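Chains, contacts and geometry: an overview
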Amino acid sequence: MSTKVSDHILERLRAWGVEEVFGYPGDGINGLLAAWGRAENRPRFVQSRHEEMSAFEAVGYAKFSGRLGVCAATSGPGAIHLLNGLYDAKLDHVPVLAIVGQTNRTAMGGSYQQEVDLHTLYKDVASEFVETVTVPEQLPNVLDRAIRTAYARRCPTALIIPGDVQELDYSPPTHAFKMVPSSLGMSEFTATPTDEALRRAADVLNAGEKVAVLVGQGAAGAVAEVREVAELLGAGVAKALLGKDVLSDELPYVTGPIGLLGSRPSYELMRDCDTLLTIGSSFPYTQFMPEFGKARAVQIDIDAHMIGMRYPYEVNLVGDAQATLRRLIPLLKAEGRSRKWYDTVCANVKRWHTTMERRAAVAADPINPEYVARALDPLLPDNAILTSDSGSVANWYARHITMRPGMRGSLSGTLATMGPGVPYAIGAKFAHPDRPVFALVGDGAMQMNGLAEMITAAKYRDLWSDPRLVVAVWNNQDLNQVTWEMRAMEGAPSFLPSQSIPDVQYAAFARSLGLTGIRVEKPEDVEAAWRAGLEADGPAVLEFLTDPAVPPIPPHAGWEQMEATAASILKGDADRGSMIKQGLKAKVQEFLPGRAKQ
């Protein structure tokens with residue numbers, strides 16, 4: 001039997017080491033689906049419940065494996081559905097390949113069913129490489145190039161393959177005019193700055209007395225080097241959310257997350273420093289960086305396109321974080337440096353941990369959402385992988401989960417889209433079937449995407465050697481982050497028609513799928529529920545009824561700002577049980593880091 005184009009595509013994916021393709025079927029990829037049957041499902045076709053989930057699962061797989069994530073969808077609506085997940089990959093710099101079908105070439109231009117101009121549609125999200133395959137001889141070059149580009153540029157790429165092309169006999173490019181051959185593989189590569197640029201950077205850092213380091217996901221391969229730099233310079237280290245798992249939170253000088261979801265010591269670190277070193281981060285919120293002109297600054301980033309635009313850096317080093325730091329370290333000087341700054345940073349970190357413990361212990365109606373995350377923290381295995389959804393739950397993930405060596409965690413960082421928490425976790429399970437995975441999601445995100453994708457978790461549970469996939473739902477019947485943003489930023493009460501959502505029986509739904517499902521209505525049952533999830537023999541949904549009136553206070557919030565917000569809430573919000581009550585103003589005060597001391 002002849003080899004079809006579709007057969008060759010799967011063969012080439014296997015040659016690149018692709019083990020899973022996350023997708024959803026449709027007649028626009030019927031040729032590929034038939035090839036999967038002939039290939040005995042290699043690479044494995046992982047069927048999601050929706051193409052957007054396929055893309056998110058590919059992103060989660062790529063984030064936690066370091067390998068290419070691949071997703072597939074049919075023509076028209078299937079290809080359209082992939083877009084949100086692919087934009088998540090683009091904005092978080094994750095290598096993902098999308099393979100999408102298209103109507104037959106003979107029908108193109110005829111306003112045919114499901115005919116969409118996919119090249120135009122994808123030219124932004126897959127701007128680094130998108131190509132339509134019109135003849136077999138274009139392969140393997142376009143496929144190889146799409147994969148190399150995804151890896152090299154850390155971005156999504158796309159191949160559009162018309163249905164009739166999928167079913168053509170494959171013929172390789174020949175040694176002829178206007179043919180493009182190809183070859184497998186690519187070596188690892190390392191970029192480093194010049195000696196002169198490194199000397200200039202060292203001069204800036206050595207001159208600083210109060211050094212702050214900001215790390216993002218680009219520093220993940222340079223953990224030992226970041227620690228050595230911080231300890232040489234007596235620096236504090238703040239982490240962008242995508243870099244939360246770069247350094248252990250147990251280190252005394254690690255101030256934790258930065259930004260609206262950040263910590264008070266990270267805010268103080270940036271406010272008071274005189275020197276800033278940013279490594280592998282494009283953290284966008286300049287208001288959380290040092291005041292312009294107050295600090296001298298150096299940036300290290302492998303992507304010249306992303307460097308030098310978040311702060312007026314004095315030296316911009318384009319290069320791999322680990323290789324660049326290895327060459328920079330011998331130029332740094334530790335002698336003669338006062339410990340006063342270092343001691344201040346460590347004291348601020350210690351005080352913040354105490355504050356977080358106190359906030360998690362405040363009584364709420366019925367359960368304090370901060371306590372739910374705080375109770376999980378000491379129970380997490382050392383090899384745990386965590387995903388967080390967008391929303392107020394991201395605050396609790398950022399502030400209460402202590403990252404230790406070996407643990408991993410991520411969320412939708414730059415796009416900050418709702419709904420990737422559960423599909424990310426499924427992608428993580430396929431990347432690391434021998435590790436426990438925890439998805440922390442709000443009820444809004446669970447209703448948007450998570451419920452249906454629990455069906456996917458149930459479908460594939462037997463493939464994972466460690467069957468634990470614990471999905472925790474903060475059920476407060478409110479789209480809570482936007483509710484608080486409306487109050488704090490717009491001075492407006494909660495608009496219930498947009499913010500109130502139904503009370504869904506998430507645990508009961510899990511049980512209907514044959515999974516573990518536990519509904520927690522009292523704080524004294526929280527820890528036992530986490531332990532039950534850890535002991536479950538498969539995926540589990542833990543549903544915590546949490547108080548929507550607990551404010552996700554930003555680290556820079558002063559008492560006056562929060563008191564004014566509380567007053568506007570009490571004045572303008574309609575009564576809605578625990579959401580709005582006369583005790584809210586006192587509750588806000590309880591959750592503040594301390595009116596007098598901090």
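For the structure itself, consult the block above.
This write-up is about the structure you can find in this document. (Residues numbered from 1 in each chain as written. Predicted model: local features only at pLDDT ≥ 70, side-chain atom pairs only at ≥ 80, totals over all residues. Heavy atoms only, no water.)

In terms of helices and strands, the protein carries 23 helices and 18 strands. Over its C-alpha atoms the protein spans a radius of gyration of 25 Å, differing by no more than 12% from the 25 Å that the globule rule assigns to 598 residues. Here the C-alpha coordinates of the protein stretch approximately 80 × 65 × 45 Å along the principal axes. Counting the 598 residues in the protein, one finds 57% classified as buried. Put simply, 75% of the contacts in the protein that link residues at least 6 apart link residues at least 24 apart. In the form shown here, the protein has an accessible surface area of approximately 23,400 Å², with 51% of it arising from carbon and sulfur atoms. Computing the positive centroid from 59 side-chain charges and the negative centroid from 70, the protein places the two 4 Å apart. (Helix = DSSP H or I, 4+ residues; strand = E, 2+ residues; numbered from the N terminus. Rg over C-alpha atoms; globule rule 2.2 N^0.38 Å. Buried < 20%, exposed > 50% of the residue type's maximum accessible area, 1.4 Å probe, protein only. Contact = heavy atoms within 4.5 Å. Areas by Shrake-Rupley, 256 points an atom, 1.4 Å probe, with all protein chains shown as cover. Lys, Arg positive; Asp, Glu negative; His and termini not counted. Charge placed at Lys NZ, Arg CZ, Asp CG, Glu CD.)

With respect to the helices, strands and loops of the structure, Asp478 is situated in the loop between strand E16 (469-475) and helix H18 (480-490). At 2.9 Å, the side chain of Asp478 and the side chain of Asn480 are in polar contact. (Polar contact = N/O pair within 3.5 Å; in protein donor to acceptor, adjacent residues only side chain to side chain.)

All right, on to the packing of aromatic side chains then. If you walk through the whole model with that rule in mind, you get 12 aromatic pairs. Ring centres of Trp36 and Phe45 lie 4.9 Å apart, and the angle between their planes is 80 degrees; on these two criteria the pair is classed as edge-to-face. Of the two residues, Trp36 and Phe45, both sit in the buried class. A centroid spacing of 5.7 Å and a plane angle of 85 degrees characterise the contact between Phe430 and Trp464, whose relative ring orientation is edge-to-face. Note that Phe430 is positioned in helix H16 (residues 421-431) and Trp464 in the loop between helix H17 (443-460) and E16, a separation of 34 residues in sequence. In this structure, Phe430 and Trp464 share a single accessibility class: buried. Chaining the aromatic ring pairs together yields one cluster made of Phe22, Tyr61, Phe430, Tyr460 and Trp464. The ring of Tyr397 has Lys244 lying over it, and the distance from NZ or CZ to the ring centre is 5.5 Å. (Phe/Tyr/Trp six-rings, centres within 6.5 Å; stacked < 30°, edge-to-face > 60°. Lys NZ or Arg CZ within 6 Å of the ring centre and 35° of its normal.)

Spatially, the six strands line up as an open sheet ordered E9-E8-E7-E10-E11-E12, and their pairing is parallel. The two strands at the open ends of the sheet, each matched to only one other strand, are strand E9 (254-257) and strand E12 (315-318). Pairs of neighbouring strands in the sheet enclose a mean axial angle of 15 degrees, with direction left out of account. Note that strand E11 (residues 296-301) and E12 share four bridges and pair parallel. If you follow Ile300 over to E12, its bridge partner there is Leu317. Helix H9 (residues 195-207) rests against strand E7 (211-215), strand E10 (275-279), E11 and E12 of the sheet, and its axis sits at about 130 degrees to E12. Running over the sheet, helix H11 (residues 264-272) touches E7, strand E8 (236-239), E9 and E10 and is turned about 125 degrees from E7. (Pairing = 2+ DSSP bridges. Axes fitted to C-alpha atoms, helices over the stretch in contact; angles between N-to-C directions.)

Let us now look at the nonpolar core. In this structure, Leu82, Val96, Tyr122, Met446 and Val471 are the most contacted members of the largest nonpolar core, which totals 53 residues. Looking at which element gives the most residues to this core, the answer is helix H3 (residues 51-65), with eight residues. Contacts of Met446, omitting those with residues within four sequence positions, involve Val422, Val441, Leu451, Met454, Val471, Val473, Tyr506 and Val541. Judged by nonpolar contacts, the second largest core, of 35 residues, contains Leu198, Ala201, Val246 and Leu277. (Core = buried A, V, L, I, M, F, W, Y, C linked by side-chain atoms within 4.5 Å.)

Turning to the pairing of strand E18 (residues 540-545), a few remarks are in order. Here is the key point about a regular strand: its side chains alternate between the two faces of the sheet. Most of E18 is tucked away, with six of its six residues classed as buried. Burial along E18 is two-sided: the face carrying Ala540, Leu542 and Phe544 and the face carrying Val541, Glu543 and Leu545 are both buried. Pairing between E16 and E18: six bridges, direction parallel. If you follow Asn475 over to E18, its bridge partner there is Leu545.

This brings us to the layout of surface pockets. The volume enclosed by the second largest pocket comes to roughly 310 Å³. Secondary-structure elements contributing two or more residues to the lining of the second largest pocket are helix H5 (83-91) and helix H7 (141-153). Here the residues of the lining of the second largest pocket sort into eight nonpolar, three polar and five charged. (1 Å grid on protein atoms, 1.4 Å probe; cavity = no way out; pocket = protein on both sides within 12 Å on 5 of 7 lines; lining within 4 Å. Points joined across faces, edges and corners; volume = space filled by probe spheres on them. Nonpolar A, V, L, I, M, F, W, Y, C, P; charged D, E, K, R; others polar.)

What follows deals with the sheet that holds strand E5 (residues 130-132). Strand pairing in a sheet relies on backbone hydrogen bonds, with the paired strands running either antiparallel or parallel. Spatial ordering of the open sheet is given by E2-E1-E3-E4-E6-E5, a layout of six strands whose pairing is parallel. Two strands lie at the open edges of the sheet, namely strand E2 (44-47) and E5, each paired on one side alone. The mean inter-strand angle of the sheet, taken between neighbouring strand axes irrespective of direction, is 20 degrees. One ladder, built from two bridges, connects strand E1 (residues 20-23) with strand E3 (residues 69-73); its direction is parallel. Bridging from a neighbouring strand, Phe22 pairs with Cys71 of E3. Packing against the sheet, helix H2 (residues 30-38) makes contact with E1, E2, E3 and strand E4 (96-102), and its axis sits at approximately 125 degrees to E2. Along the sheet, H3 makes contact with E1, E3 and E4, crossing E3 at roughly 170 degrees.

Right, let's get into the packing of H11 against helix H13 (residues 340-361). In contact at an axis separation of 8 Å, H11 and H13 are set at 155 degrees when each is read in the N-to-C sense. In terms of orientation, H11 lies roughly antiparallel with respect to H13. Taken together, the residues of H13 that come into contact with H11 (itself represented by Arg264, Pro265, Glu268, Leu269 and Asp272) are Trp341, Val345, Asn348, Val349, Arg351 and Trp352. A per-class count over the contact of H11 with H13 returns six nonpolar, one polar and four charged. (Parallel < 35°, antiparallel > 145°, perpendicular 65-115°, else oblique.)

Moving on, we come to the pattern of salt bridges. Overall, the coordinates contain 29 salt bridges when judged by the stated rule. Between Arg38 and Asp7 there is a salt bridge, with its nearest N and O atoms 3.0 Å apart. Separated by 31 residues along the polypeptide, Arg38 in helix H2 and Asp7 in helix H1 (residues 5-15) bring together distant segments of the chain. Accessibility expressed as a relative area gives 37% for Arg38, which makes it partly exposed. Between Glu370 and Arg359 there is a salt bridge, with the nearest N and O atoms lying 3.3 Å from each other. Here the residue Glu370 occupies a position in helix H14 (residues 369-376), and Arg359 occupies one in helix H13, the gap between them amounting to 11 residues. Take Glu370 and Arg359: they sit in the same class, and that class is buried. (Salt bridge = Lys/Arg side-chain N within 4 Å of Asp/Glu carboxyl O.)

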